[in-house]
Amino acid sequence: MKKHLLTSITICLTLAACATPAPTAVPPTSVPPTVTAAPPTNPLIPPLSPTATSVPPSPASNLLVSDLTPKQGKGAAPQGATGSGPWATRLMLAASKDGLTFTRTNVVISDQAGVPNALVDKEGRARLYYIDFGNGNIIATAIQKSATEWVLRKVIVNGLPKGSDAVDPTVVLLSDGKYRLYYMQGEIGKKPTIYSAISNDGITFTKEEGERYNPSDVYDPIVLQTKDGWLLWTGADGKHSAKSKDGLKFEATGEFKIDGKIFMTWATVAIPDKGYRVYGNLMGPGSTPGIASAFSVDGVKWTLEPGTRLPLQGADPKLEKNAPPDHGMALLKDGTYLMAYLAGIP
């Protein structure tokens, strides 16, 4: 699903049913209040981790103060746009104890959203990065403040050249505690290219020099650090993969295939002391719809895992219409797998 040029919160880790309508839109203000939990009949912010309440706030910044209000319902498609896009999709959550069988929570994170990415930050909080089309096609993040509270923040990237928006975010936590954002931008006079930016807090980034990857056509970069270096996957449709020793200069490795079929990677997870898992969808005739996964001990040889991680069956038609394959994944501190996935707005 190509979204790159146009492109709260509830999860029940007990996996109990918690279906609710999307929250009512609130007129945006310059600094809206922190998103808080609503009554049980209409929850907005559920617990993500039972240990999250022990995470102290950052005293030196306004990291945990919201400056975004999520939209509700479909937005207007840009002039000339065809097909589905972030104006017509919503971000939802699912959870799993083994990374293989996920249960929907039936709760909306944000409407008019796309290209989700998830990680655990240096304080142990879960973060979701995504495109907030409803608030201006910007990169946004939802940060876990406590077990029942999240904040929504606009992500800033300084030093961008003139061109299209910086979109398709993938953020990784580096060993020195900094955050690196990989993103796509169409600079004036150049084809869309993958770049990167660096940040201390994961909110305000500064563009790093040079290009990370520049094939013929590119969008939705996904990056994984392994013990031997860095791996990158990017569209269109699993056509491109690359590797790097430092996470900055990537060399093409061709189509990413598993069992002879092209695999479009949308999310990755490093599993401590075990290996790595990629999530995505197989391309081509005979491929099973829904999110698939593959496992690797070394990040080189991948084995397709049987079954579907989040099948199309079982979705609430009042909340989900179709299921674009794009999603993000994070392995939380308590061992729970958090999936942030896209769904069409009915």
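Here's what I pulled together on the structure shown here. (Residues numbered from 1 in each chain as written. Predicted model: local features only at pLDDT ≥ 70, side-chain atom pairs only at ≥ 80, totals over all residues. Heavy atoms only, no water.)

Moving on, we come to the sheet that holds strand 13 (residues 229-235). Strand order in this open sheet of four strands is 12-13-14-15, and the pairing throughout is antiparallel. Among the strands making up the open sheet, the edge pair consists of strand 12 (219-226) and strand 15 (251-252). Judged from the six bridges that link them, strand 12 and strand 13 form a sheet pairing that is antiparallel. Within strand 13, the residue paired with Tyr219 across the bridge is Gly235. (Pairing = 2+ DSSP bridges. Helix = DSSP H or I, 4+ residues; strand = E, 2+ residues; numbered from the N terminus.)

Okay, the packing of aromatic side chains next. In the structure shown here, the tally under the stated rule is eight aromatic pairs. A centroid spacing of 6.2 Å and a plane angle of 80° characterise the contact between Trp233 and Trp302, whose relative ring orientation is edge-to-face. Within this pair, whereas Trp233 is found in strand 13, its partner Trp302 is found in the loop between strand 19 (292-296) and strand 20 (303-304), the two being separated by 69 residues in sequence. Grouping residues by exposure puts Trp233 and Trp302 together as buried. Through a chain of ring-to-ring contacts, the aromatic side chains of Trp233, Phe256, Phe263 and Trp302 assemble into a single cluster. (Phe/Tyr/Trp six-rings, centres within 6.5 Å; stacked < 30°, edge-to-face > 60°. Buried < 20%, exposed > 50% of the residue type's maximum accessible area, 1.4 Å probe, protein only.)

Mapping Arg309 onto the fold places it in the loop between strand 20 and strand 21 (327-331). One buried charged side chain, Arg309, makes no salt bridge at all; its nearest oppositely charged neighbour is Glu305, positioned 4.6 Å away. Within the structure, Arg309 has its side chain in polar contact with the backbone oxygen of Pro306 (distance 2.8 Å). The contacts of Arg309, once residues within four sequence positions are left out, are Gly99, Leu100, Thr101, Phe102, Tyr279, Ile291, Ala292 and Ser293. (Lys, Arg positive; Asp, Glu negative; His and termini not counted. Salt bridge = Lys/Arg side-chain N within 4 Å of Asp/Glu carboxyl O. Polar contact = N/O pair within 3.5 Å; in protein donor to acceptor, adjacent residues only side chain to side chain. Contact = heavy atoms within 4.5 Å.)

Read from one edge of the open sheet, four strands run 3-4-5-6, paired in antiparallel fashion. In this open sheet, the two strands that pair with only one neighbour each are strand 3 (113-120) and strand 6 (150-154). Strand-to-strand, the axes of this sheet are offset by a mean angle of 20°, without reference to chain direction. Sheet analysis places strand 4 (residues 126-132) next to strand 5 (residues 138-144), joined by six bridges and oriented antiparallel. By the bridge assignment for strand 5, Ile131 is matched with Ile139. (Axes fitted to C-alpha atoms, helices over the stretch in contact; angles between N-to-C directions.)

A few words now on the environment of Asp334. Within the fold, Asp334 resides in the loop between strand 21 and strand 22 (337-344). On the basis of relative accessible area, Asp334 is assigned to the partly exposed category, the value being 30%. Taking C-alpha positions, Asp334 is 9.4 Å from Lys97, a pair spaced 237 residues apart along the chain. Separated by 3.0 Å, the side chain of Asp334 and the backbone nitrogen of Thr336 make a polar contact.

Let's shift gears to empty space enclosed by the protein. Approximately 40 Å³ is the volume attributed to the largest cavity. Together, Val115, Pro116, Asp168, Pro169, Thr170, Asp220, Pro221, Ile222, Trp266 and Asp326 line the largest cavity. Of all the secondary-structure elements, those providing two or more residues to the lining of the largest cavity are strand 3, strand 8 (167-173) and strand 12. Here the residues of the lining of the largest cavity are counted per class, giving six nonpolar, one polar and three charged. (1 Å grid on protein atoms, 1.4 Å probe; cavity = no way out; pocket = protein on both sides within 12 Å on 5 of 7 lines; lining within 4 Å. Points joined across faces, edges and corners; volume = space filled by probe spheres on them. Nonpolar A, V, L, I, M, F, W, Y, C, P; charged D, E, K, R; others polar.)

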